[in-house]
Amino acid sequence: MTKGEAAKALVRRRIEISYNSPASDEEVVSLFDKEMFSFNPAGTQAPLRENASSKSGVENYLDRRSIYARAFPDLRFQASQ
């Protein structure tokens, strides 16, 4: 498997366990390196919670995932190419 194929597989896995067939927060977090992951570090990209700027990138990612799941329970993503 090439690096590109591995990256695509990882993105597909993230989409699948984050949104399409939601897994536990712990399983989703296991995909990310907490030291390297940066998701909206300033806490400025909506939707977000009030205390987003004081949370880690992974915590903000999980918050966003939760907000989308409640707002759009039928939401599904499809990764192509």
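Residues numbered from 1 in each chain as written. Predicted model: local features only at pLDDT ≥ 70, side-chain atom pairs only at ≥ 80, totals over all residues. Heavy atoms only, no water.

1. Here's the deal with the environment of Glu-16
No. 1: Along the polypeptide, Glu-16 turns up in helix α1 (residues 3-20).
No. 2: Note on Glu-16: relative accessible area 33%, which makes it partly exposed.
No. 3: Taking the C-alpha atoms as reference points, Glu-16 and Arg-76, 60 residues apart in sequence, are found 8.7 Å from one another.
No. 4: The residues contacting Glu-16, other than those within four sequence positions of it, are Ser-21 and Pro-22. (Helix = DSSP H or I, 4+ residues; strand = E, 2+ residues; numbered from the N terminus. Buried < 20%, exposed > 50% of the residue type's maximum accessible area, 1.4 Å probe, protein only. Contact = heavy atoms within 4.5 Å.)

2. A look at the pattern of salt bridges
No. 1: Considering all chains together, one arrives at 2 salt bridges under this definition.
No. 2: Two residues, Asp-25 and Arg-65, come together in a salt bridge whose shortest N-O distance is 2.7 Å. With Asp-25 in helix α2 (residues 25-29) and Arg-65 in helix α3 (residues 57-71), this pair connects stretches of sequence that are 40 residues apart. (Salt bridge = Lys/Arg side-chain N within 4 Å of Asp/Glu carboxyl O.)

3. Looking at the environment of Leu-10
No. 1: Turning to its location among the elements, Leu-10 is positioned in helix α1.
No. 2: Sequence separation between Leu-10 and Leu-31 is 21 residues, and the spatial gap between their C-alpha atoms is 8.1 Å.

These results come straight from atomic positions and should not be treated as a statement about function.
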